[in-house]
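What the coordinates show
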Amino acid sequence: MLDLIEKFKQKLSHYTPEEQEQIIQAALWSQELHGTQKRASGEPYFIHPLYVAEMLVDMHMDPDTVIAGLLHDILEDSGVTQEIIKERFGETVASLVDGVTKISILKVKNKSVQEAETIRKMLFAMAKDIRVIIIKLADKLHNMNTLQHLSPERRKAIASECLDIYAPLADRMGISWMKAELEDLALKHLNPDIYRYIKDFLLAKKSERTEYLKRVEKAIYRSAGEEGIADILVTSRAKHFYSIYRKMKKRNKDIEEIYDILGVRITCSTSNDCYTLLGLIHKLWPPIEGRFKDYIAMPKANQYQSLHTTVMCYNGRQLEIQIRTRAMHYTAEFGIAAHWAYKQEFGGAKISADTLPIISKLKSWDQEVDLSDDFLDEIKSELLKDSIYVFTPEGHIIELPANSTAIDFAYYIHSEVGSHMIGAKADGSIIPLNQPLKNTQVVEILTSPNGRPHVNWLRIARTSRARQRIRNWLNKHDENLLIDKSIIAKRKAVEKAQESQKQEALVEPIESDEIVKHVIHADKLSFRIGNEKNMMISIAKCCSPSTGDHIIGYISRGRGIIVHKKNCPNLVNIRDIEHRTIDVEWESAKPISTKRFKVTSRRTTDLFSEIEGAVKKYKGHLIEGRLEETEDGRLSGSFTMEIEQPDDFKRVIKSLRTIPSVISILPM
């Protein structure tokens with residue numbers, strides 16, 4: 001074991017003698033504390049923290065991070081406390097070790113809850129010090145390389161968690177090599193057959209691929225030399241296994257039919273050289289339309305910069321080419337760790353955790369997101385999935401999860417903007433509020449003092465921030481609505497005559513030649529029974545309804561609203577059940593269909609209200625409408641509605657034709 005520590009010491013040459021001494025002291029202490037503890041492979045446990053530390057040394061992390069890597073398991077595996085670590089190696093090391101330590105199993109209900117709580121703790125610790133996640137990623141990568149010693153069930157569980165949480169986190173940190181390795185190792189254990197199939201295919205085609213890529217490299221070097229750009233490096237490779245697997249799955253094709261599995265990377269000196277080389281590449285081979293991305297002008301959230309283009313290369317094969325400077329390449333490979341090493345090398349200044357957008361998001365979540373059982377799902381969908389980038393009218397870039405809507409954008413800007421929104425524009429045109437935003441759109445939110453959130457927005461919003469603020473607003477300002485545990489409770493439908501009296505129409509001028517009308521629903525959905533009010537919602541344990549089940553609410557005395565499945569056998573045994581039920585529905589419930597139609601009518605002041613009434617008659621909901629005055633004094637507009645049954649659309653159109661002022665109706 002001392003030989004291993006001696007070999008490890010030889011890697012520490014870029015640290016000062018004092019720093020080397022501290023690191024070795026930590027290694028010896030870690031070895032002592034882990035003692036005779038063994039890994040599943042039968043090897044001494046100390047090998048694991050030593051490998052983690054070596055990885056951190058190779059990434060040129062600072063001494064505190066390397067020491068924390070050596071000690072990252074001792075709080076869990078020995079009697080050492082955080083205070084003892086602090087006395088020996090300082091507060092920073094103690095804090096880093098605590099950040100990556102699992103939550104004690106004694107404090108939680110079961111292992112799945114423990115893992116969720118551990119990830120939550122780690123992420124919020126990461127928001128305070130980015131090095132926490134770098135240590136954890138190194139820890140995870142070594143564990144993934146030794147999964148073969150665990151049971152098949154445990155291997156798959158760990159690999160799934162790696163694919164869902166840690167590989168995307170490596171991507172958000174910009175550490176591309178680590179992301180690729182984690183994904184490939186996860187695929188190896190989750191789908192070993194496809195992993196071997198891709199591996200065997202790439203090995204069988206290796207010589208052919210090598211010759212092909214050499215031909216490409218020579219052409220690039222020759223063309224660059226003729227242009228006077230000599231200081232370049234061209235490298236080529238097949239894409240990593242998981243990337244190929246995703247292409248096969250997305251396109252539903254065999255690997256033999258996937259033609260863009262090869263990639264070429266060109267590194268050069270300056271950004272100007274990058275764009276010059278791009279022009280040369282497009283002269284050599286025709287670019288594929290829609291496959292060019294300029295991440296130099298618009299870097300990714302993880303600070304990645306590069307030019308990407310896909311060309312039709314020799315023999316009709318598609319080839320992706322990346323062009324970047326050497327500095328950009330270093331950042332692309334090592335992400336935030338590269339910046340940390342750079343800062344340490346040039347003065348040791350601490351990098352701000354706010355460097356990455358994911359950190360500021362986590363900080364806001366720590367303060368405002370309801371840390372529910374869905375926390376991990378929210379983390380996966382909002383922080384670790386694909387993002388889009390849209391602009392405010394002033395040119396500020398906003399990052400949102402893919403498929404976000406104008407509602408998410410509005411609440412990202414400010415809760416007051418969201419709460420008073422009456423419409424939205426993208427690139428100058430009004431869009432439905434449920435329409436997913438697209439990359440690089442300029443989004444403008446239309447507001448009014450009389451605007452207010454609608455309960456249906458909960459089904460449209462994609463971000464937890466927007467949903468939480470909509471819930472809060474509705475629960476605070478509409479005393480007759482209760483939203484809790486992803487369930488919306490409301491009274492049964494009132495008679496149509498009463499309901500129509502409670503609708504208000506708001507006319508808001510947007511431009512001189514355009515009028516947008518928005519209906520505000522002010523239905524009084526009372527659930528007061530006797531003196532009971534401000535009730536909470538709970539899930540019945542007898543039938544345990546889950547999202548998507550048909551449900552009904554029972555108002556119990558002293559226990560609030562209890563939600564049962566509609567077919568729960570216990571309902572028939574509940575006293576006064578027919579008098580104490582309340583309509584409830586899942587917050588995430590979606591209508592079967594969204595339909596659009598165009599209307600032309602004579603000028604009238606109540607057209608919007610009449611259309612709204614016709615839609616509601618068949619249990620539909622008007623989610624967007626636009627009316628414009630035409631040159632001949634008529635009104636022309638387009639509307640979007642949601643309906644429960646596809647056949648209801650025909651009934652709505654038929655009802656709309658009976659409105660006296662309507663001249664024509666045209667489905668879209």
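One structure accompanies this document, and this report is about it.

Quick word on the overall build of the protein chain
For the protein chain, the helix and strand inventory stands at 25 helices and 22 strands. Taken across its 668 residues, the protein chain has 50% of its residues classed as buried. Relative to all contacts within the protein chain whose residues are 6 or more apart in sequence, the contacts with residues 24 or more apart total 65%. Working note: accessible area of the protein chain is about 33,100 Å², and carbon and sulfur atoms make up 48% of it.

Notes on the pattern of salt bridges
Tallied over the entire structure, the rule returns 13 salt bridges. Linking Lys 11 and Asp 58 is a salt bridge whose minimum nitrogen-to-oxygen distance equals 3.8 Å. Placement of the pair is Lys 11 in the loop between helix H1 (2-9) and helix H2 (17-34) and Asp 58 in helix H3 (residues 47-58), with a sequence separation of 47 residues. Overall, the relative accessible area of 34% leaves Lys 11 in the partly exposed class. When its relative accessible area of 46% is taken as the criterion, Asp 58 is described as partly exposed. Put simply, Arg 131 and Asp 129 hold a salt bridge, and the shortest N to O gap is 2.8 Å. A relative accessible area of 11% means that Asp 129 is categorised as buried. Residues joined in a network through salt bridges with shared partners are Lys 11, Glu 54 and Asp 58.

Quick look at the pairing of strand S17 (residues 560-565)
With respect to burial, S17 is a largely interior element, five of its six residues being buried. Direction of pairing for strand S16 (residues 551-556) relative to S17: antiparallel, over a ladder of six bridges. For Ile 555, the partnering residue across the bridge sits in S17 and is Ile 561.

What about the packing of helix H11 (residues 176-190) against helix H14 (residues 241-251)?
Two quantities define a packed helix pair, namely the angle between the helix axes and the distance between the axes. Packing of H11 against H14 leaves a shortest axis separation of 7 Å and a crossing angle of 65 degrees. Together, Glu 183, Asp 184 and Leu 187 of H11 and Phe 241, Tyr 242 and Tyr 245 of H14 make up the contact between the two elements. Partitioned by chemical class, the residues of the contact of H11 with H14 number four nonpolar, no polar and two charged.

Observations regarding the environment of Ile 244
Within the secondary structure, Ile 244 is located in helix H14. Note: C-alpha distance between Ile 244 and Ile 258 (14 residues apart in sequence) is 8.2 Å. When neighbours within four sequence positions are excluded, Ile 244 is seen to be in contact with Ile 198, Leu 202, Lys 239, Ile 255 and Ile 261.

With respect to the environment of Gly 335
Inspection of the secondary structure assignment puts Gly 335 in helix H16 (residues 326-345). The spacing of Gly 335 and Met 173 is 162 residues in sequence and 5.6 Å in space, taken between C-alpha atoms. Ignoring anything within four residues of it in the chain, the contact list for Gly 335 reads Met 173, Gly 174, Ile 175 and Tyr 330.

Here we look at the sheet that holds strand S10 (residues 443-447)
Whenever strands of a sheet pair, they do so through backbone hydrogen bonds, lying parallel or antiparallel. Pairing in this open sheet of three strands is antiparallel, and the strands run S9-S8-S10 from one edge to the other. The open sheet has two edge strands, strand S9 (429-431) and S10, and neither has a second partner. Averaged over all adjacent pairs, the angle separating strand axes in this sheet is 40 degrees, with direction ignored. One ladder, built from five bridges, connects strand S8 (residues 421-426) with S10; its direction is antiparallel. When the sheet's bridge partners are listed, Lys 425 is paired in S10 with Glu 444.

Some details on helix H4 (residues 63-70)
Each full turn of the α-helix corresponds to 3.6 residues, which orients residues three or four apart in the same direction. Within H4, seven of the eight residues are buried, which leaves the element mostly enclosed by the surrounding structure. All buried positions along H4 are accounted for by Pro 63, Thr 65, Val 66, Ile 67, Ala 68, Gly 69 and Leu 70.

Digging into the nonpolar core
Note that soluble globular proteins tend to have their nonpolar side chains buried in a common cluster. Grouped together as the largest cluster of nonpolar side chains are 64 residues, with contacts concentrated most on Phe 8, Leu 71, Ile 85 and Leu 182. Every residue in contact with Ile 85, bar those within four places of it in the chain, is listed here: Trp 29, Leu 71, Ile 74, Leu 75, Val 80, Gly 90, Val 93, Ala 94 and Val 97. Ranked by size, the runner-up nonpolar core spans 43 residues in total, among them Ile 198, Tyr 242, Leu 280 and Leu 307.

A look at the sheet that holds strand S5 (residues 318-325)
Taking strand neighbours across the sheet as the criterion, the five strands line up as S1-S2-S5-S4-S3 in an open arrangement whose pairing is mixed. Every other strand in the sheet has two partners, leaving strand S1 (233-238) and strand S3 (293-294) as the edge strands with one partner each. Bridge count for S1 against strand S2 (residues 262-268) is six bridges, and the pairing is antiparallel. Of the residues in S2, the one forming a bridge with Thr 235 is Arg 265.

A short note on the pairing of S16
When you tally the buried positions in S16, you get five out of six residues, the bulk of the element. As paired strands, S16 and strand S18 (residues 581-586) are joined by two bridges and run antiparallel to one another. Following the sheet pairing, Gly 553 is matched in S18 by Ile 582.

A closer look at unusual backbone geometry
Here Asn 252, not a glycine, exhibits a phi torsion of approximately 55 degrees, which is positive. Structurally, the position occupied by Asn 252 is in the loop between H14 and S2. Positive phi, normally seen in glycine, also occurs at Asn 403, with a value near 75 degrees. Residue position: Asn 403 is located in the loop between strand S7 (397-401) and helix H19 (406-413).

Describing helix H12 (residues 192-204)
In this model H12 runs 18 Å from its N-terminal to its C-terminal C-alpha over 13 residues, within 8% of the 18 Å that 1.5 Å per residue would give. Along H12, the residues classified as buried are Ile 194, Tyr 195, Ile 198, Phe 201 and Leu 202. Viewed along the axis of H12, the buried residues span an arc of 135 degrees, placing them on a single side of the element. Exposed and facing more than 90 degrees away from the buried side of H12 are Asp 193, Leu 203 and Ala 204. Contacts from the buried residues of H12 go to H11, helix H13 (206-226), S1 and H14.

As for a positive patch on the surface
Taken together, Arg 246, Lys 250, Lys 293 and Lys 300 make up a surface patch of like positive charges. Structurally, the position occupied by Lys 300 is in the loop between S3 and strand S4 (307-312). On the basis of relative accessible area, Lys 300 is assigned to the partly exposed category, the value being 32%.

Observations concerning the packing of aromatic side chains
This model, assessed by the stated rule, comprises eight aromatic pairs. Geometrically, the ring pair formed by Trp 285 and Tyr 314 is edge-to-face, given 5.6 Å between the ring centres and 90 degrees between the ring planes. With Trp 285 in the loop between helix H15 (271-284) and S3 and Tyr 314 in the loop between S4 and S5, the pair connects residues that are 29 residues apart, well separated along the chain. Tyr 314 carries the same exposure label as Trp 285, and that label is buried. Measuring from ring centre to ring centre gives 5.5 Å for Phe 597 and Phe 639, while their planes differ by 15 degrees; the resulting arrangement is stacked. Residue Phe 597 is found in strand S19 (residues 593-601), and its partner Phe 639 is found in strand S21 (residues 635-643); the two are separated by 42 residues along the sequence. By the burial criterion, Phe 597 is buried, and Phe 639 matches it. Taken together, the ring pairs in this structure connect Tyr 212, Trp 285 and Tyr 314 into an aromatic cluster. Positioned over the ring face of Tyr 314 is Arg 215, at 3.7 Å from the centre of the ring.

The rules behind each value
- Residues numbered from 1 in each chain as written.
- Predicted model: local features only at pLDDT ≥ 70, side-chain atom pairs only at ≥ 80, totals over all residues.
- Heavy atoms only, no water.
- Helix = DSSP H or I, 4+ residues; strand = E, 2+ residues; numbered from the N terminus.
- Buried < 20%, exposed > 50% of the residue type's maximum accessible area, 1.4 Å probe, protein only.
- Contact = heavy atoms within 4.5 Å.
- Areas by Shrake-Rupley, 256 points an atom, 1.4 Å probe, with all protein chains shown as cover.
- Salt bridge = Lys/Arg side-chain N within 4 Å of Asp/Glu carboxyl O.
- Pairing = 2+ DSSP bridges.
- Axes fitted to C-alpha atoms, helices over the stretch in contact; angles between N-to-C directions.
- Nonpolar A, V, L, I, M, F, W, Y, C, P; charged D, E, K, R; others polar.
- Core = buried A, V, L, I, M, F, W, Y, C linked by side-chain atoms within 4.5 Å.
- Expected span 1.5 Å × (residues − 1).
- Arc of directions from axis to C-beta.
- Patch = residues over 30% accessible without salt bridge, like charges linked within 9 Å, V, L, I, M, F, W, Y side chains within 5 Å.
- Lys, Arg positive; Asp, Glu negative; His and termini not counted.
- Charge placed at Lys NZ, Arg CZ, Asp CG, Glu CD.
- Phe/Tyr/Trp six-rings, centres within 6.5 Å; stacked < 30°, edge-to-face > 60°.
- Lys NZ or Arg CZ within 6 Å of the ring centre and 35° of its normal.

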